[in-house]
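# Structural overview for review
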2 protein chains.
Amino acid sequence: MTAEEISEDPSPRIPLSRERVLGSAVAIADADGIGALTMRSLARELGVKPMSLYYYVANKGEILDAIIDMVFAEIDVPSVVGDWKGEMRRRAGAVRQALGRHTWAIGLLESRTAPGPATLRHHDATLGVLRTAGFSVKAAAHAYALLDSYTYGFALQEAALPFSGRDTAASVTDPIVQMFSAGDYPHLMEIATEHVLQPGYDFGDEFEIGLELILDALQRWIPETEDGPKSAAPAG
Amino acid sequence: MTAEEISEDPSPRIPLSRERVLGSAVAIADADGIGALTMRSLARELGVKPMSLYYYVANKGEILDAIIDMVFAEIDVPSVVGDWKGEMRRRAGAVRQALGRHTWAIGLLESRTAPGPATLRHHDATLGVLRTAGFSVKAAAHAYALLDSYTYGFALQEAALPFSGRDTAASVTDPIVQMFSAGDYPHLMEIATEHVLQPGYDFGDEFEIGLELILDALQRWIPETEDGPKSAAPAG
DNA sequence: GAGCTTATCTTACATAGTACGAAAATGCGA
DNA sequence: TCGCATTTTCGTACTATGTAAGATAAGCTC
């Protein structure tokens, strides 16, 4: 009996596959940032040599396109049954959370303009909910641009913040306050001390506030609901 | 007389400087994308050898931080005199245009979390306008998060679109329509044929529509204006 | 000029993506 | 079981990147 027959060696027992390659790519980007995702680090993670990856992907750009689509695949598609507001609220939150788990995806969105099938399915389903809710084609386009701009932009701001979550440690806030206390930036100082640095503050809480404002205003774009006013949709 | 004395040789006559280094960095990123911005391409552009750059910047990361700040420096700071809505409208448009000229800045915002002085001054001035307009500290924070999320997100979507401007050439729209026409994505198909692909369409026009909706709704967060209703600010 | 400061460049190294083609593993018909 | 074709993995090598370490050059002051 040879060694291979006795014990399963730790080598690539599970066969390589496109799914495994892309899954590890996401894992590396999540753990150490998109900059740490190299063909070599990816191969190492999979217990394989770099050039083996090229049997499953044409090049690194294809990996980047694919992992963006994987992020969208994580997001449950909204449903046409149920109230549109609730669905849009749920969807926006899910997008924000997905982009929060994979902040690198936000940066990639700017440079990679080849949407994958999951991304397209997501957009299609979302538009479907709006159309079913009574938005005209134009109004649905306006509404979707507005909702997604807000959601992506919020996720971008969250990613750009030097802190996240509730009650940031003083070790990270102190240098910032120090920077403001020179007297330039009085309004930033005010908002920091009176709002952001208060116990229990979480920037993420701002999301629902803006979202509700948008959803409430969008409601008025739906023409002649049973109990609502007539259309107030913009001319565009 | 030596050659140097007779004619000005095409070599680095204008001395290198931090400003020149950063200016060329922006120019390269604008022209060929942030990926084309390398220490070597930057040196070549300046008629200099790569290591000379390190006399003016500590490393490439410092260049990236600095050119983000240069983008914000391009944006005229809003003024507390004049109506807040007009100022916010003007500012949002200016931010969108600046990010449109330098789309790479959007992607950089996600990864680089060290705001420069122009960026801070911009944020400070914007908050100042909102506070002066009557927004409470909390309401100003909410409003600013909302306005900037929308603006950044819209710029991100514009950058991610495979087309831009009015009346996109059929050569670029045809493959997209082809992709939709298989029958998956019926709502994308609908919105494409009935709205996006109509003559004269420009995604950029959607910006003002969403912006007006937001500004109108924000107005109701200002407590007791002379002629307006009382505060309708959220509890947060 | 000498010597000090400021500015630029040479060389070299580790790490990146990937072209090219060899090698190994696998599956299959006889 | 053998032979062979297909599928999968890998070795080598090339070009490009950021930048450390230190040599060199240019400019200024006495």
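Higher on the page you've got the structure.
The paragraphs below set out a description of the structure included in this document. Note that the structure is predicted; figures quoted are calculated from it, not measured.

## Things to note about the overall build of chain A
- Of regular secondary structure, chain A possesses 11 helices and 0 strands.
- Reading chain A from its N terminus to its C terminus gives the helix and strand order α-α-α-α-α-α-α-α-α-α-α.
- Out of the 236 residues in chain A, the part that is buried amounts to 46%.
- Split by element, the accessible area of chain A, about 11,600 Å² in all, is 54% carbon and sulfur.

## A closer look at the protein's contact with DNA strand D
- Inspection of the region around DNA strand D gives 16 residues, with A:Ser52, A:Tyr55, A:Tyr56, B:Arg40 and B:Lys60 positioned closest.
- When atoms of DNA strand D within 4 Å of the protein are sorted by moiety, sugar and phosphate together comprise 55%.
- Note that a phosphate oxygen of DNA strand D is positioned 2.6 Å from one of the side-chain N or O atoms of A:Tyr56.
- At 3.5 Å from a phosphate oxygen of DNA strand D is found a side-chain nitrogen or oxygen belonging to B:Thr38.
- Here the residues of the surface near DNA strand D sort into 9 nonpolar, 3 polar and 4 charged.

## A word on the protein's contact with DNA strand C
- The local shell around DNA strand C holds 15 residues, among which A:Arg40, A:Lys60, B:Ser52, B:Tyr55 and B:Tyr56 are the closest.
- Sugar plus phosphate, as a fraction of atoms of DNA strand C within 4 Å of the protein: 53%.
- One of the backbone nitrogen or oxygen atoms of B:Lys49 is found 3.1 Å away from a phosphate oxygen of DNA strand C.
- A distance of 2.6 Å is found between a phosphate oxygen of DNA strand C and a side-chain nitrogen or oxygen belonging to B:Tyr56.
- Per-class residue counts for the surface near DNA strand C are 8 nonpolar, 3 polar and 4 charged.

## A few points about the interface of chain A and chain B
- The interface of chain A with chain B comprises 55 residues on the first partner and 54 residues on the second.
- Taken together, the two surfaces of chain A and chain B that pack against each other cover about 4,700 Å², and 72% of this comes from carbon and sulfur.
- Residues A:Glu190 and B:Arg131 are paired through a salt bridge, measuring 2.7 Å at the closest nitrogen-oxygen approach.
- Where chain A packs against chain B, one counts 14 residue pairs in polar contact (both at pLDDT 80 or more).
- Those elements giving two or more residues to the side of chain A that touches chain B turn out to be α6 (104-111), α7 (117-133), α8 (137-160), α9 (170-180), α10 (186-196) and α11 (206-219) of chain A.
- Broken down by element, the residue count for the side of chain A that touches chain B peaks at 16 residues, all from α8(A).
- Per-class residue counts for the side of chain A that touches chain B are 32 nonpolar, 13 polar and 10 charged.

## A few points about the nonpolar core
- The biggest cluster of nonpolar side chains holds 74 residues, and the ones touching the most others in it are A:Trp84, A:Phe135, A:Leu218, B:Trp84, B:Phe135 and B:Leu218.
- Core analysis: the next-biggest nonpolar cluster, separate from the first, contains 72 residues, A:Leu22, A:Ala105, B:Leu22 and B:Ile63 among them.

## Digging into the relation of the copies chain A and chain B
- Least-squares fitting of chain A to chain B yields an RMSD of 0.0 Å, with the superposition described by an axial translation of 0.0 Å and a rotation of 180°. Such values leave the two copies arranged in the relation of a two-fold axis.
- When the interface residues of chain A are mapped onto chain B, 98% of them again fall at the interface, so both copies present the same face.

## Description of helix α2 (residues 18-32) of chain B
Residue and element names in this part refer to chain B.
- If you check α2, its first and last C-alpha atoms are 21 Å apart, about what 15 residues at 1.5 Å a residue would give, namely 21 Å.
- All of the buried residues in α2 are Val21, Leu22, Ser24, Ala25, Val26, Ile28 and Ala29.
- Of the surrounding secondary structure, the elements contacted by the buried residues of α2 are α3 (39-45), α4 (60-73) and α6 (104-111).
- Following α2 by one or two positions, glycine 33 has its phi on the positive side, about 90°.

## Quick notes on the packing of aromatic side chains
- Across all of its chains, the model carries 14 aromatic pairs over all chains by this definition.
- Between A:Tyr55 and A:Tyr56, the ring centres sit 5.2 Å apart and the planes meet at 80°, which makes this aromatic pair edge-to-face.
- Taking relative accessible area as the criterion, A:Tyr55 reaches 70% and is therefore assigned exposed.
- Judged by centre distance (5.2 Å) and plane angle (85°), the ring pair of B:Trp84 and B:Phe135 falls under edge-to-face. Here B:Trp84 is found in helix α5 (residues 84-101), whereas its partner B:Phe135 is found in the loop between α7 (117-133) and α8 (137-160), with 51 residues between them in sequence.
- Judged by relative accessible area, B:Trp84 falls into the buried class, the value being 9%.
- Relative accessible area serves as the criterion here: at 1%, B:Phe135 is assigned to the buried category.

## Concerning the pattern of salt bridges
- For the structure shown, the criterion picks out 22 salt bridges over all chains.
- A salt bridge links A:Arg96 to A:Glu158, with the nearest nitrogen and oxygen atoms 2.6 Å apart. Here A:Arg96, found in helix α5 (residues 84-101), pairs with A:Glu158, found in helix α8; they are 62 residues apart in sequence, far enough to count as distant.
- A:Arg96 gets classed as buried once you look at its relative accessible area, which sits at 16%.
- For B:Lys85, the salt bridge is made with B:Asp216, and the minimal N-O distance between the two is 2.7 Å. Taken together, the residues B:Lys85 in helix α5 and B:Asp216 in helix α11 (residues 206-219) connect sequence positions 131 residues apart.
- Taken together, the shared-partner salt bridges connect A:Arg166, A:Asp202 and A:Asp205 into one network.

Conventions we followed
- Residues numbered from 1 in each chain as written.
- Chains lettered and ligands numbered in written order.
- Predicted model: local features only at pLDDT ≥ 70, side-chain atom pairs only at ≥ 80, totals over all residues.
- Heavy atoms only, no water.
- Helix = DSSP H or I, 4+ residues; strand = E, 2+ residues; numbered from the N terminus.
- Buried < 20%, exposed > 50% of the residue type's maximum accessible area, 1.4 Å probe, protein only.
- Areas by Shrake-Rupley, 256 points an atom, 1.4 Å probe, with all protein chains shown as cover.
- Near = heavy atom within 4 Å.
- Polar contact = N/O pair within 3.5 Å; in protein donor to acceptor, adjacent residues only side chain to side chain.
- Nonpolar A, V, L, I, M, F, W, Y, C, P; charged D, E, K, R; others polar.
- Contact = heavy atoms within 4.5 Å.
- Buried area = accessible area lost by both parts, 1.4 Å probe.
- Salt bridge = Lys/Arg side-chain N within 4 Å of Asp/Glu carboxyl O.
- Core = buried A, V, L, I, M, F, W, Y, C linked by side-chain atoms within 4.5 Å.
- Least-squares fit on C-alpha atoms with pLDDT ≥ 70 in both.
- Expected span 1.5 Å × (residues − 1).
- Phe/Tyr/Trp six-rings, centres within 6.5 Å; stacked < 30°, edge-to-face > 60°.

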